[in-house]
Amino acid sequence: MPRAAAPAAPRVAMPVQPAAERVRNFEEVALGYTFDMAVAEARRCLQCKRPLCVKGCPVEVPIPAFIAHLAAGDVGAAYRAVKTANSLPAICGRVCPQETQCVGACVLGRKGEPVAIGRLERFVADQYVHMDACDLLTGARDCTPVDPARRVACIGSGPSSLTVAGYLSTRGVKVTVFEALHEVGGVLVYGIPEFRLPKDRIVAKEVRALGTQQVEFVTNRVGGKTFSIRDLFEQGFSAVFVGVGAGLPRFLGIPGENLNGVFTANEYLTRVNLGRAYDFPNHDTPVILGRNVTVYGAGNVAMDAARTALRLGAASVRVVYRRTVADMPARREEIEHAQEEGVVMQTLVAPLAFSGDERFALRAVTLQQMELGEPDASGRRRPVPVPGRTMELETDLAIIAVGTRANPLLLASEPGIAVDQRGYIVVDEATGETSMPNVFAGGDIVTGAATVIQAMGAGRRAARVIAGRLGCPQD
Amino acid sequence: MSHRILHKEQLIPGQTSKLVVDAPHIAAKARPGNFVILRVCDKGERIPLTIADADPDAGTITMVYLVLGKSTALLETLGEGDCIRDLCGPLGRATRIEPCGTVVCVGGGTGVAAMHHIAKGHHRAGNRVVAVIGARSAGLLLFEKELSAFCDEVLVATNDGSRGRQGLVTEVLRARLEQDRAVGEIVAVGPVPMMAAVAETTRPFGVRTTVSLNSIMLDGIGMCGACRVTVAGGTRFACVDGPEFDGHEVDFVELAQRLAAFKDMERAAHDHYCRCQADA
Ligand SMILES: Cc1cc2nc3c(=O)[nH]c(=O)nc-3n(C[C@H](O)[C@H](O)[C@H](O)COP(=O)(O)OP(=O)(O)OC[C@H]3O[C@@H](n4cnc5c(N)ncnc54)[C@H](O)[C@@H]3O)c2cc1C
Ligand SMILES: Cc1cc2nc3c(=O)[nH]c(=O)nc-3n(C[C@H](O)[C@H](O)[C@H](O)COP(=O)(O)OP(=O)(O)OC[C@H]3O[C@@H](n4cnc5c(N)ncnc54)[C@H](O)[C@@H]3O)c2cc1C
Ligand code: SF4
Ligand code: FES
């Protein structure tokens, strides 16, 4: 049993940009701890003998150990401890759903407020994100020499592949990451907005750190088009990791969905984040700036789209959802941040049709009033239409964020890889290996849309097995 | 890897140019009907261009583009020896090429270049290829010589009659279909109104008509949905399900409207660019 909780000090609050200010910029919302704040928060940790927090972490960061170093004021040692398990700590410290993982499991949470583990991870990582030196990354004095005869390819450059690359390169394996887009990072770059995850200051830096470990990044290469998996084996790669994410957007299936001004969240966010459309015309990618914006869906993606639209100058932004705020799948913190910023939650309505003007531009949406009926298979009360209750809402930008499906592009060219009925890759749970020998897969293309850390966990599992097959040390 | 421009030729000065680019990995896989997505520079947008020709031995691909707005104007500033920032491909499905007797390939404007690669594919598959190309006047006609090298016939129509027959490509096409029963397929590449007109021309004859759609694209790998088109009443993605579709099933009215989605911003980008050029 952990020590009986002493009357714990209150949790150190995280400074954030005031809502009225942040809706006018793309700067990060949460500002991060100072050194004194981080040390004070670290001192709240009980240093449990059997730490529950570590069990809650999909990549098993040695949480009490890193926090102990931090509590003693040794940030460098704390960073090295984190890095032994997590190759992207500055990213995870920002976007992990900690409240359901490490923080959710922290013993202090039973009586009071759990340790703010994610904020501490973020603090520690941010101190070193500007330094690419190998000793800081790996704890070893020099970068592990890479053996060009042991080569592994990753397809896609999201968090699952980056984890594979980080793990294997520190064990001397030459890793090449092939990415279809022109920037490396997957959803971290084209999906999650700048104000939650800075692209140049954080994502690019953590990717560059992998570069110093001699990971090679090749952009503009599409698996299934520019090359096949078979080609990679012919080029001498001994194993392939598939981390292509789940990209194909879903639609609402209602009339008017192809009007100009109706975007999928993927298109909207990719234009703004990857194309930097928020800086148009200095950057060339355009996006429609709505006055009255409506967003369909209520997950993290919907919140990101809604908050982005506000920052691009919308007069009103509404998240349209057929259940209630309590039923929304997004993280609480994201919903609260969105509401503070002025996003309106238009609940218990479902879209029936979009209508446009004579120039084919979106003008309005017709909504059906809903009420909650009997519980459905998911245990939640099923929304049912209230007869005769419809209304029209003005909207010139509609963003559809109702989920994605597996993108069949790569798999269509590789019939040797087994997929389930929904098109996701089937893997051996223990190893991450697909039905094609020495081809592994992980992340959203296996699980469907999930989280950064789950994708990383899958990458780590596969990388361990690959390392074993190549005769490298495994942990 | 370098995407270096090995050869540049202004086909119609100030309007249409041809680039031969070093891209062995794309050349090796490029099939008729495929396209690439490129970015000219670091702040550039992703734009699609058809692979007009590919030489796997030399490791090069050829692109022909019309200078239209900011991105193509930027592309036009590059010369031999310069590199294109990002070049991704080959993308899209390859043209379905089957033995079918005579194929009539109709090209309009820059579309003639895209059609060139498809016509070549049909020729290599043993089909008899009749090219029908059009332009407003003789000086704007593309690829007549290149097509003559392997097409069985090259029929030309110009609006002003300065070359070939005076009139539209659809008139030449209709005349041909009326006298020639052996036409097994029509392929049309060009501006949307032209492809729509070709589809209407061939509909009464019931001949299979393939069109290559130039919808607005962003990622080009099926993730964003920007390129969606309505075909036979259903939603299809031009970048991965196409870009070629059965012309008799395409909703061309919607396609034309969607192509205007960013009109105001495209103008703003172009004006901004011209202002910057003037200041520089
Ligand atoms: C808007 C948004 C917000 C999110 N917010 C959070 C959050 O706050 N916290 C959290 O934990 N998770 C969040 N997620 C989910 C999280 O980002 C994903 O679960 C995670 O990124 C999945 O990682 P992955 O490695 O499977 O690949 P992805 O990140 O999906 O990356 C896949 C990469 O592969 C590339 N690719 C695809 N096909 C090919 C091909 N054929 N050849 C080469 N490359 C290819 C793609 O271009 C892409 O770069 C969010 C997702 C979105 C969309
Ligand atoms: C599969 C495909 C193949 C193509 N092949 C060729 C080709 O071989 N030669 C050629 O000259 N053109 C081709 N195009 C069209 C070319 O992509 C556009 O002309 C180009 O994007 C215009 O960019 P711009 O900035 O110069 O002009 P803008 O001012 O941005 O746009 C002018 C017009 O171009 C179209 N357009 C704009 N952005 C895009 C985009 N991202 N994707 C598609 N269309 C867009 C719109 O209709 C727009 O009104 C092709 C398009 C597609 C989809
Ligand atoms: S973070 Fe919480 S669970 Fe983990 S060691 Fe500290 S007090 Fe215990
Ligand atoms: S261009 Fe994004 S799905 Fe086709």
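About the criteria used
Residues numbered from 1 in each chain as written. Chains lettered and ligands numbered in written order. Predicted model: local features only at pLDDT ≥ 70, side-chain atom pairs only at ≥ 80, totals over all residues. Heavy atoms only, no water. Helix = DSSP H or I, 4+ residues; strand = E, 2+ residues; numbered from the N terminus. Rg over C-alpha atoms; globule rule 2.2 N^0.38 Å. Contact = heavy atoms within 4.5 Å. Areas by Shrake-Rupley, 256 points an atom, 1.4 Å probe, with all protein chains shown as cover. Lys, Arg positive; Asp, Glu negative; His and termini not counted. Charge placed at Lys NZ, Arg CZ, Asp CG, Glu CD. Expected span 1.5 Å × (residues − 1). Bend = angle between axes of the 7 residues up to and from the residue. Buried < 20%, exposed > 50% of the residue type's maximum accessible area, 1.4 Å probe, protein only. Pairing = 2+ DSSP bridges. Right-handed = clockwise from strand over helix to strand, strands pointing away. Near = heavy atom within 4 Å. Polar contact = N/O pair within 3.5 Å; in protein donor to acceptor, adjacent residues only side chain to side chain. Nonpolar A, V, L, I, M, F, W, Y, C, P; charged D, E, K, R; others polar. Buried area = accessible area lost by both parts, 1.4 Å probe. Salt bridge = Lys/Arg side-chain N within 4 Å of Asp/Glu carboxyl O. Axes fitted to C-alpha atoms, helices over the stretch in contact; angles between N-to-C directions. Core = buried A, V, L, I, M, F, W, Y, C linked by side-chain atoms within 4.5 Å. Phe/Tyr/Trp six-rings, centres within 6.5 Å; stacked < 30°, edge-to-face > 60°. Lys NZ or Arg CZ within 6 Å of the ring centre and 35° of its normal. Disulfide = S-S within 2.5 Å.

Participant: An account of the overall build of chain B is needed here, citing residue identities and associated values.
Facilitator: Of the regular secondary structure elements, chain B holds eight helices and 16 strands. For 280 residues, the compact-globule formula gives about 19 Å, and the C-alpha radius of gyration of chain B, at 18 Å, lands near that figure. Each of the three principal axes of chain B carries a C-alpha extent, and together these read 60 × 40 × 40 Å. Taking all contacts inside chain B whose residues are at least 6 apart in sequence as the whole, residues at least 24 apart take part in 64%. Summed over all atoms, the accessible surface of chain B reaches about 11100 Å², with 50% contributed by carbon and sulfur. When the 30 basic and 33 acidic side-chain charges of chain B are each reduced to a single mean position, those positions are 2 Å apart.

Participant: I'd like a rundown of helix α12 (residues 199–212) of chain A, residues and numbers included.
Facilitator: Residues and elements named next belong to chain A. Compared with the 20 Å implied by 1.5 Å per residue over 14 residues, the 19 Å span of α12 between its first and last C-alpha is a close match. Along α12, the helix axis deviates most sharply at Lys205, where the bend reaches about 30°. Three or more residues of α12 are buried, namely Lys199, Ile202, Val203, Lys205, Glu206, Val207, Ala209 and Leu210. In the stretch just after α12, Gln214 is the one whose phi turns positive, near 70°.

Participant: If you had to explain the pairing of strand β12 (residues 183–189) of chain B to someone new, which residues and values would you point to?
Facilitator: Residue and element names in this part refer to chain B. Burial analysis of β12 places six of its seven residues in the buried class, which makes it a mostly covered element. The pairing of strand β8 (residues 102–108) with β12 spans six bridges and is classified as parallel. Each bridged residue has a counterpart across the sheet, and for Val103 the counterpart in β12 is Glu185. Between β12 and its parallel partner strand β13 (residues 208–212), the chain crosses via helix α6 (residues 192–202), and the hand of that crossover is right-handed.

Participant: Account for the site of ligand 1, with residues named and values stated.
Facilitator: Neighbouring residues of ligand 1: 35 residues in total, closest Val95, Ser160, Glu179, Arg196 and Gly223 of chain A. Residues lining ligand 1 come from chains A and B. Val95 of chain A places a main-chain nitrogen or oxygen 2.6 Å from a nitrogen atom of ligand 1. Within the contact set of ligand 1, an oxygen atom lies 2.9 Å away from a backbone nitrogen or oxygen of Val452 of chain A.

Participant: Which residues make up the site of ligand 3, and what values go with them?
Facilitator: What surrounds ligand 3 is the set Cys45, Leu46, Cys48, Pro51, Cys53, Pro64, Cys106, Val107 and Ile117 of chain A. Residues belonging to the shell around ligand 3 are distributed by class as follows: nine nonpolar, no polar and no charged.

Participant: Please set out the side chain of Lys70 of chain B residue by residue, giving values where relevant.
Facilitator: Within the fold, Lys70 of chain B resides in helix α2 (residues 70–76). The exposure class assigned to Lys70 of chain B is buried, which follows from its relative accessible area of 11%. Not counting chain neighbours up to four residues away, the residues in contact with Lys70 of chain B comprise Pro281 and Asp284 of chain A together with Ala269, His270 and Tyr273 of chain B.

Participant: Residues and numbers for the interface of chain A and chain B, please.
Facilitator: With 42 residues of chain A at the interface, the matching set in chain B holds 43 residues. Counting the surface chain A buries against chain B, the share from its top three residues, Lys225, Asn258 and Asp284 of chain A, is 17%. At the surface where chain A touches chain B, the tally comes to two salt bridges. One salt bridge connects Asp284 of chain A with Lys70 of chain B, and the closest N-O pair in it is separated by 2.6 Å. Elements supplying a minimum of two residues to the side of chain A that touches chain B: β5 (248–249), β6 (262–264) and α14 (265–274) of chain A. Class assignment of the residues belonging to the side of chain A that touches chain B gives a composition of 20 nonpolar, 14 polar and eight charged.

Participant: Break down the pattern of salt bridges for me, citing the residues and quoting the values.
Facilitator: Residues and elements named next belong to chain A. What the rule picks out here adds up to 40 salt bridges over all chains. As a salt-bridge pair, Arg44 and Glu41 come within 2.7 Å of each other at their nearest N and O atoms. For Arg44, a relative accessible area of 7% corresponds to the buried category. Overlapping salt bridges bring together Arg22, Glu99, Arg196, Asp304, Arg307, Arg311, Arg331, Glu334, Glu340 and Glu341 as one network.

Participant: Can you explain the sheet that holds strand β16 (residues 244–246) of chain B? Please cite residues and give values.
Facilitator: All names here are of chain B. One open sheet accounts for seven strands, arranged β11-β10-β9-β8-β12-β13-β16; its pairing is mixed. Every interior strand has two partners, whereas the edge strands, β11 (165–166) and β16, have only one. Alignment of β12 against β13, held across four bridges, turns out to be parallel. Bridge pairing in β13 places Val187 opposite Thr210. Where helix α5 (residues 169–179) meets the sheet, its contacts fall on β8, β9 (128–135), β10 (153–158), β11 and β12, and the angle it forms with β9 comes to roughly 150°.

Participant: Explain the nonpolar core to me, and be specific about the residues and the numbers.
Facilitator: Ranked by size, the top nonpolar core spans 124 residues in total, and within it Ile63, Phe66 and Leu168 of chain A together with Val106 and Phe252 of chain B carry the most contacts. With eight residues, the single largest contributor to this core is helix α19 (residues 452–469) of chain A. The contact partners of Val106 of chain B, leaving out residues within four places of it in the chain, are Met115, Val132, Val169, Leu173, Ile186, Val187, Ala188, Val189, Met194 and Val198 of chain B.

Participant: Account for the packing of aromatic side chains, with residues named and values stated.
Facilitator: Throughout the structure, instances matching the rule amount to ten aromatic pairs over all chains. Here the aromatic rings of Phe263 of chain A and Phe262 of chain B are separated by 6.3 Å at their centres, their planes lie at 40°, and the arrangement is tilted. You can see Phe263 of chain A sitting in strand β6 and its partner Phe262 of chain B sitting in the loop between α7 (252–259) and α8 (263–279), one on each of two chains. Using a relative accessible area of 4% as the deciding quantity, one classes Phe262 of chain B as buried. Put simply, the rings of Phe26, Phe195 and Tyr278 of chain A touch in pairs and so form one group of aromatic residues. Sitting above the plane of the Phe237 of chain A ring, Arg151 of chain A keeps its charged end 4.1 Å from the centroid. The aromatic ring of Phe195 of chain A is capped on one face by Arg311 of chain A, whose charged end is 3.8 Å from the ring centroid.

Participant: If you had to explain the state of the cysteines to someone new, which residues and values would you point to?
Facilitator: Under the defined criterion, the tally for this structure stands at zero disulfides over all chains. Cys154 of chain A forms no disulfide, and the closest cysteine sulfur to it belongs to Cys472 of chain A, at a distance of 14 Å. Just so you know, Cys83 of chain B is unpaired, no disulfide at all, and the nearest cysteine sulfur is the one on Cys41 of chain B, 13 Å from it.

Participant: Run through the sheet that holds strand β12 (residues 381–394) of chain A, naming residues and quoting values.
Facilitator: All names here are of chain A. With antiparallel pairing, the three strands of this open sheet are ordered in space as β10-β11-β12. Two strands lie at the open edges of the sheet, namely β10 (349–356) and β12, each paired on one side alone. Across the sheet, the axes of successive neighbouring strands diverge by a mean angle of 20°, strand direction being ignored. With seven bridges joining them, β10 and strand β11 (residues 362–375) adopt antiparallel strand pairing. Bridge pairing in β11 places Val349 opposite Gln369.

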